[in-house]
Amino acid sequence: MSVIPTDSHGNSQLSFDEEVFLDALSEFGGTPGERHVVARQARDLADSGQAEVDRGAVLTADEIIRNLRDAPEGGPATRWNWWLGALEAAYGSYREFQVRHIPEP
């Protein structure tokens, strides 16, 4: 397993980089549309600051990917929704970030 940089410029600061995350999602297959929807939801979650407040840590692309690897199976959206279900159970108020629709290829 390779380490995913925290941003596309190789900076050591912790931040969410949507492009890095989108590229990393290919590990889980899925269509480009599915990966884009998940990346957009992840961007919205990161921008909301909710995960940072709840968990006490900045949300980064490699942290999300590590959590998605823990999902029992599935493509990017299934894994994303599985992880959000865990956040919902622990903290509440994560349903709005779930993937509900994936565009047709």
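Each chain carries its own residue numbering, running from 1 in the direction its sequence is written. Local features in a predicted model are, by the rule used here, given only for residues with pLDDT of at least 70; side-chain atom pairs are given and counted only at 80 or more, and totals for whole chains, interfaces and linings are based on all residues. With hydrogens and water set aside, each side-chain value is computed from the structure's full complement of heavy atoms.

Participant: Would you mind showing me how to read the environment of serine 26 here?
Facilitator: Think of it this way: any DSSP run of H or I at least four residues long counts as a helix, any run of E at least two long counts as a strand, and we number them from the N terminus. By the element assignment, serine 26 lies in the loop between α1 (18–24) and α2 (32–48). Residue classification places serine 26 among the partly exposed residues on the basis of a relative accessible area of 44%. Residue burial is assigned from relative accessible area. The probe radius is 1.4 Å, only protein chains are included, and a residue is buried under 20% of its type maximum, exposed over 50%, and partly exposed in between.

Participant: I'm lost on the nonpolar core in this one. Help?
Facilitator: For soluble globular proteins, nonpolar side chains are generally found buried alongside one another. For our purposes a nonpolar core is just a set of buried Ala, Val, Leu, Ile, Met, Phe, Trp, Tyr and Cys residues, chained together by side-chain atoms within 4.5 Å. Counting 26 residues, the largest nonpolar core has Phe21, Leu45, Ile64, Leu68, Trp80 and Trp83 as the members making the most contacts within it. For this core, the elements supplying multiple residues, two or more each, are α1, α2, α4 (61–69) and α5 (76–91). Once you skip the residues sitting within four places of it in the chain, leucine 68 turns out to touch Phe21, Leu25, Phe28, Arg79, Trp80 and Trp83. Only heavy atoms matter for contacts: two residues are in contact if any of them lie within 4.5 Å across the pair.

Participant: Looking at this structure, I do not really get the pattern of salt bridges. What am I missing?
Facilitator: Close approach of charged atoms allows side chains with opposite charge to pair. Whenever a carboxyl oxygen of Asp or Glu lies within 4 Å of a side-chain nitrogen of Lys or Arg, that contact is scored as a salt bridge. The final tally for this structure, using the stated rule, is six salt bridges. Ionic pairing is found between glutamate 18 and arginine 43, a salt bridge with its closest N-O pair at 3.5 Å. One end of the pair, glutamate 18, is in helix α1; the other, arginine 43, is in helix α2, and 25 residues separate them in sequence.

Participant: Just checking my understanding: could you explain α4 for this structure?
Facilitator: Because each turn of an α-helix spans 3.6 residues, side chains separated by three or four positions in sequence point in the same direction. Burial runs high along α4: seven of the nine residues are buried. What α4 keeps buried is the set Ala61, Asp62, Glu63, Ile64, Ile65, Asn67 and Leu68. Each element contacted by the buried residues of α4 is listed here: α1, α2, α3 (50–55) and α5.

Participant: What is the right way to look at the packing of α2 against α5 in this model?
Facilitator: Throughout, an axis means a line fitted to C-alpha atoms (over the contacting stretch in the case of helices), and angles, computed between N-to-C directions, take values from 0 to 180 degrees. The interhelical angle for the contact between α2 and α5, taken along N-to-C directions, is 25°, at an axis separation of 9 Å. Judged by the inter-axis angle, α2 sits roughly parallel to α5. Contact residues: α2 offers Glu34, Arg35, Val38, Gln41, Ala42 and Leu45, while α5 offers Pro76, Ala77, Thr78, Trp80, Trp83 and Leu84. Of the residues in the contact of α2 with α5, the class split is eight nonpolar, two polar and two charged. Comment on the angle field: the value is read as roughly parallel under 35 degrees, roughly antiparallel over 145, roughly perpendicular from 65 to 115, and oblique elsewhere. Here the nonpolar group is Ala, Val, Leu, Ile, Met, Phe, Trp, Tyr, Cys and Pro; Asp, Glu, Lys and Arg are the charged ones; every other residue, Gly included, is treated as polar.

Participant: Is there a simple way to think about the environment of glycine 30 in this case?
Facilitator: With respect to the secondary-structure elements, glycine 30 resides in the loop between α1 and α2. What makes glycine 30 partly exposed here is its relative accessible area of 42%. The sequence separation of glycine 30 and alanine 77 amounts to 47 residues, and the corresponding C-alpha distance is 8.2 Å. Setting aside chain neighbours within four positions, we find glycine 30 in contact with Arg35 and Pro76.

Participant: Would you take a moment to explain α5 for this structure?
Facilitator: Take the number of residues in a helix, subtract one, and multiply by 1.5 Å to get its expected span. Between its terminal C-alpha atoms α5 stretches 22 Å, which fits the 22 Å expected from 16 residues at 1.5 Å a residue. The complete set of buried residues in α5 reads Pro76, Ala77, Arg79, Trp80, Trp83, Leu84, Leu87 and Glu88. Buried-residue contacts for α5 involve α2, α3 and α4. A positive backbone phi angle near 80° is found at glycine 92, which sits one or two residues after α5.

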